[in-house]
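# Observations on chain architecture
Here is what each chain is made of, one letter per residue.
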Amino acid sequence: MRIADYSVTKAVLERHGFTFKKSFGQNFLTDTNILQKIVDTAEIDKNVNVIEIGPGIGALTEFLAENAAEVMAFEIDDRLVPILEDTLRDHDNVNVINEDVLKADLQTRVKEFKNPELPIKVVANLPYYITTPILMHLIESKIPFAEFVVMMQKEVGQRFLAQASAKEYNALSVIWQYKCDCKKVMDVSRHVFWPSPRVDSVVLQFTFHHKYHYANEAAFFWLVKSCFVQRRKTIYNNLQNALKDKELALQMLEKAGIAPSKRAQQCQLEDFMRLFEANESSLIAAYQNQS
Ligand code: SAM
């Protein structure tokens, strides 16, 4: 029997008198086939360290612990700590950290792995209310992760998968294409969770391609976000608002060969990169001025 088997989950929750906290996005998975597929997709073996965010009562953690060298699991809800001690008592390679992952100093934390040289993968069924901030926090940590295999709300997943001109395409889509290749692993019905959320889910695999290395990535991300601020407006309109300089905005677009009448939604990653590279020092200065 597995922790994720419905009857085991039910028994664990009853034994500990656990009540779900909606504000923490607590929807626990009760489907072992999905968990197996996640672990297989992530190719977790004894030469891989894993970071899990939000272990809950340990449904996914159990599968990870069996396969990985070590699992570091960040859980915000202190009521789950004694439950995890109970459900994962047979696994000595799990380190549960009772901390809000958004506040965690991940660079320091990863040094706590017994073998910090091993590749690190992030595997998680993410709390949906903060999926994007968590993923941004992970990439901003600058840890050279090998990959992420993560479950999230379907609508959010579509933004990561979207290509230029699609209605879901936004700054996030561009920033993530700059960092990694993103692939859909599977759709997951809302009915395999307890309690059932109001939305369906998707599992995505992010593989870091390490193709691009801007020294000032924050300035590039700022540029991309600025160009999408008002989606219906042209890239020129958004850029001049960010720079507070119409003439400079026009010059920058011209240098990059981008028509001012285009909308950011129609621009590919390569267009944003050209815009940044053609005007790098001025854009970094503008970014530093406003931050
Ligand atoms: N992994 C479990 C599963 O698949 O059944 C639980 C997933 S549940 C969708 C999300 C988990 O993330 C919950 O256990 C919740 O308490 C935890 N969580 C929510 N916000 C968090 C945060 N900021 N940092 C760490 N954990 C968080």
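For the structure itself, look to the data block above.
Small disclaimer: the values here were computed from a predicted structure and weren't measured.

What counts as what
Residue numbers here run from 1 along each chain, matching the order of that chain's written sequence. Where totals are concerned, whole chains, interfaces and linings use all residues; where local detail is concerned, this predicted model gives features only for residues with pLDDT of at least 70, and gives and counts side-chain atom pairs only at 80 or more. Side-chain measures were taken over the full set of non-hydrogen atoms in the model, leaving aside hydrogen atoms and water. Put simply, DSSP H or I for four residues or longer makes a helix, DSSP E for two residues or longer makes a strand, and each gets a number counted from the N terminus. Contact definition: two residues touch when any of their heavy atoms are within 4.5 Å. What counts as a ring pair is set by centres within 6.5 Å for rings of Phe, Tyr and Trp (its six-membered ring), and what kind of pair is set by the plane angle: stacked under 30 degrees, edge-to-face over 60, tilted for all other angles. The buried label applies to any residue whose accessible area, calculated with a 1.4 Å probe on protein chains only, is under 20% of its type's maximum; exposed applies above 50%, and partly exposed to all values in between. Our definition puts a charge over a ring when NZ of Lys or CZ of Arg is within 6 Å of the ring centre and also within 35 degrees of the ring normal. Throughout, near means a residue has at least one heavy atom within 4 Å of the molecule or strand. In protein, a polar contact means a hydrogen-donor-capable atom and an acceptor-capable atom, both N or O and within 3.5 Å, with residues adjacent in sequence counting only if both atoms are side-chain atoms; elsewhere, any N or O pair within 3.5 Å suffices. Axis lines are fitted through C-alpha atoms, for helices just across the contact stretch, and the angle between N-to-C directions can take any value from 0 to 180 degrees. Any angle between 65 and 115 degrees counts as roughly perpendicular, while under 35 counts as roughly parallel, over 145 as roughly antiparallel, and the rest as oblique. A crossing counts as left-handed when the near helix is turned anticlockwise from the far one by less than a right angle, and as right-handed when that turn is clockwise. Throughout this entry, Asp, Glu, Lys and Arg are counted as charged residues, while Ala, Val, Leu, Ile, Met, Phe, Trp, Tyr, Cys and Pro are counted as nonpolar. The remaining residues, Gly among them, count as polar.

On to the environment of M186, then. Within the fold, M186 resides in strand β7 (residues 180–188). Sequence spacing of M186 and E280 is 94 residues, and the spatial spacing of their C-alpha atoms is 39 Å. Once residues within four sequence positions are removed from consideration, M186 is found in contact with I34, K37, I38, V202 and V203.

Below, the discussion takes up the packing of aromatic side chains. Enumeration over the complete set of coordinates arrives at 23 aromatic pairs. Ring geometry for Y214 against F276: centres 4.8 Å apart, planes inclined by 50 degrees, an arrangement best described as tilted. Remark: F276 occurs in helix α12 (residues 269–278) and Y214 occurs in the loop between β9 (201–208) and α9 (217–227); sequence separation between them is 62 residues. For the pair Y214 and F276, a shared accessibility class is recorded, and that class is buried. Three or more aromatic residues joined by ring pairs make a cluster, and in this case those are F145, F148, F160, W176, F206 and F208. In this structure, R2 packs its charged tip against the face of F63, placed 4.2 Å from the ring centre.

In the vicinity of the ligand, 22 residues are found, and the nearest of them are G54, E75, D100, N125 and Y129. Note that a nitrogen atom of the ligand is positioned 3.5 Å from one of the side-chain N or O atoms of E52. In this structure, N125 approaches the ligand through a side-chain N or O atom, which is 2.8 Å from an oxygen atom.

Okay, the packing of helix α11 (residues 246–256) against α12 next. Interhelical geometry of α11 versus α12 gives an angle of 115 degrees and a closest axis separation of 8 Å. Looking at the two axes, α11 sits roughly perpendicular to α12. Pair α11 / α12 crosses with right-handed handedness. Across the interface between the two elements, M252, L253, K255 and A256 of α11 pack against R274, L275 and A278 of α12. When its residues are assigned to classes, the contact of α11 with α12 shows five nonpolar, no polar and two charged.

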